[in-house]
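Structural overview
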Amino acid sequence: MLLTKYTHACIRLEKEGRVLVIDPGTFSETDRALAGADAILITHEHADHIDQAAVLGALAASPALAIHAPAGVARTLREAAPQSAGQVHDASAGETFAVAGFNVLGVGGQHAVIHPSIPVVANVGFVVDGAVYHPGDSLIVPAGVQVDTLLVPVHAPWSKVAEVVDFVVSVRARRAFQIHDALLNQAGLSFTESHIGRIGAEHGTEFRHLAPGESVEL
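Before going further, it helps to examine the nonpolar core. Judged by nonpolar contacts, the single largest core of 23 residues is most densely connected at Leu 3, Leu 13, Leu 20, Leu 41, Val 99 and Val 128. Of all the secondary-structure elements, those providing two or more residues to this core are strand S2 (11–15), strand S3 (18–22), strand S4 (39–41), strand S7 (96–99), strand S8 (102–110), strand S9 (122–128) and strand S12 (175–179). Of all the elements, S9 adds the most residues to this core, at three residues. Counting residues in hydrophobic clusters, the runner-up holds 22 residues, among them Tyr 6, Cys 10, Val 21 and Ile 67.

As a further point, take the packing of aromatic side chains. Under the defined criterion, the tally for this structure stands at one aromatic pair. Judged by centre distance (6.3 Å) and plane angle (55°), the ring pair of Tyr 133 and Phe 167 falls under tilted. Separated by 34 residues along the polypeptide, Tyr 133 in strand S10 (residues 132–134) and Phe 167 in helix H4 (residues 161–171) bring together distant segments of the chain. Residue class for Tyr 133 comes out buried when judged on its relative accessible area of 0%. In this structure, Lys 15 is placed above the aromatic ring of Phe 102, and the distance from its NZ or CZ to the ring centre is 4.8 Å.

With their axes 10 Å apart at the nearest point, H4 and helix H5 (residues 186–202) run at an angle of 30° to one another. For the element pair H4 and H5, the recorded crossing hand is right-handed. In this structure, H4 contributes Val 161, Val 164, Val 165, Val 168 and Val 169 to the contact, and H5 contributes Thr 192, His 195, Ile 196, Ile 199 and Gly 200. Residue composition of the contact of H4 with H5, grouped by class: seven nonpolar, three polar and no charged.

Extensive coverage of S3 is indicated by the burial of four of its five residues. In the sheet, S2 pairs with S3 via five bridges, with the strands oriented antiparallel. Within S3, the position partnered with Glu 14 by the bridge is Val 19. In sequence, S2 turns back onto S3 through a hairpin of two residues, with Glu 16 there showing a positive phi of about 50°. Relative to S4, S3 runs parallel, the two sharing three bridges.

With that out of the way, let us pick up the packing of helix H2 (residues 52–61) against helix H3 (residues 71–80). The relative placement of two packed helices comes down to the angle between their axes together with the axis-to-axis distance. H3 packs onto H2 with a crossing angle of 60° between their chain directions and a minimal axis gap of 11 Å. In terms of orientation, H2 and H3 fall into the oblique class. Along this stretch, H2 crosses H3, giving a crossing that reads as right-handed. Contacts between H2 and H3 involve Gln 52, Val 55 and Leu 56 from the first element and Thr 76, Leu 77 and Ala 80 from the second.

Compared with the 24 Å implied by 1.5 Å per residue over 17 residues, the 24 Å span of H5 between its first and last C-alpha is a close match. Taken as a whole, H5 has its buried residues at Gly 188, Leu 189, Thr 192, Glu 193, Ile 196, Gly 197 and Gly 200. All buried residues of H5 project into a common sector of 150° when viewed along the axis, lining one side. Along H5, the residues that are exposed and aim more than 90 degrees away from the buried face are Ala 187, Ala 201 and Glu 202. Buried residues belonging to H5 abut strand S11 (149–153), H4, S12 and strand S13 (206–208). For H5, the N-terminal capping position is held by Asn 185, with its side-chain oxygen 3.2 Å away from the main-chain nitrogen of Ala 187. Of the residues one or two after H5, Gly 204 is the one with positive phi, at around 90°.

Conventions we followed
- In every chain, residue numbers begin from 1 and rise along the written sequence.
- Thresholds applied to this predicted model are a pLDDT of at least 70 for local features of residues and 80 or more for the giving and counting of side-chain atom pairs; totals over whole chains, interfaces and linings are not thresholded and use all residues.
- Hydrogens are left out, water is left out, and the side-chain values use all remaining heavy atoms of the structure.
- Residues belong to one nonpolar core when they are buried, are Ala, Val, Leu, Ile, Met, Phe, Trp, Tyr or Cys, and are joined through side-chain atoms within 4.5 Å.
- Only protein chains enter the accessibility calculation, which uses a 1.4 Å probe; a residue is then buried when its area is under 20% of its type maximum, exposed when over 50%, and partly exposed in between.
- Comment: elements are numbered from the N terminus, with helices defined as DSSP H or I runs of at least four residues and strands as E runs of at least two.
- Only Phe, Tyr and Trp rings take part, Trp by its six-membered ring, and two of them pair if their centres are within 6.5 Å. Stacked means planes under 30 degrees apart, edge-to-face means over 60, and tilted covers everything else.
- Here, a charge over a ring means that NZ of Lys or CZ of Arg falls within 6 Å of the ring centre while also lying within 35 degrees of the ring normal.
- Helix axes use the C-alpha atoms of the stretch in contact, all axes being lines fitted to C-alpha atoms, and the angles between their N-to-C directions lie in the range 0 to 180 degrees.
- Should the near helix be turned counterclockwise from the far one by less than a right angle, the crossing is left-handed, whereas a clockwise turn marks it as right-handed.
- We call two residues in contact whenever any of their non-hydrogen atoms come within 4.5 Å of each other.
- Classes in brief: Ala, Val, Leu, Ile, Met, Phe, Trp, Tyr, Cys and Pro nonpolar; Asp, Glu, Lys and Arg charged; the others, Gly included, polar.
- Pairing between strands is defined by DSSP: at least two bridges between the two strands are required.
- Each angle receives one of four descriptions, namely roughly parallel if under 35 degrees, roughly antiparallel if over 145, roughly perpendicular if within 65 to 115, and oblique otherwise.
- One less than the residue count of a helix, multiplied by 1.5 Å, gives the span that helix is expected to have.
- Comment: arc refers to directions from the helix axis out to C-beta atoms.
- We define a polar contact as two N or O atoms separated by no more than 3.5 Å, with the added condition that, inside protein, one atom must be a possible hydrogen donor and the other a possible acceptor, whereas residues neighbouring each other in sequence contribute only through side-chain atom pairs.

Okay, structure coming up:
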């Protein structure tokens, strides 16, 4: 499997000529990420995880494209593109499904709390092929799954470094790469990643930074 990281939270996975994209948001290079996509997974409704215009454009361009997203997001997409409604599917925590040659498990179900005054929205993380875990905006440890590759939300208004490090330690993946990093400058990113890399290594997780557009074979 080939993994390509785009700016912020967007990940592209390629296997045997099929393409699965997770969270093509407004901070990301969605035109490149979505080129030739067979399926899209969306963890939640926030714009940094779904560029609705780009997703609807991809949907209109490909009658074979499948989208899986939390029910509220899926409903919004079906209403915006009724002619493509059959291509958009609800995703929920605990659900397993196959799409574009990939096997997917839904994890979690709830976005992390940003502030008590801000309503909590649905968030479904995805474990792909039992190996790659994209948690969206949550730090939920998947139960009963030995994750090989963890995508770590290194910074968000709802998190702090200690929580992120504890998440990495708890998942105990063999390797980890950063996501959700667009709001940090280079100094802040280096500071946060140094803690993740050092403490993660003590618990068996090798952390590596990926630049936007960089790919790695899994």
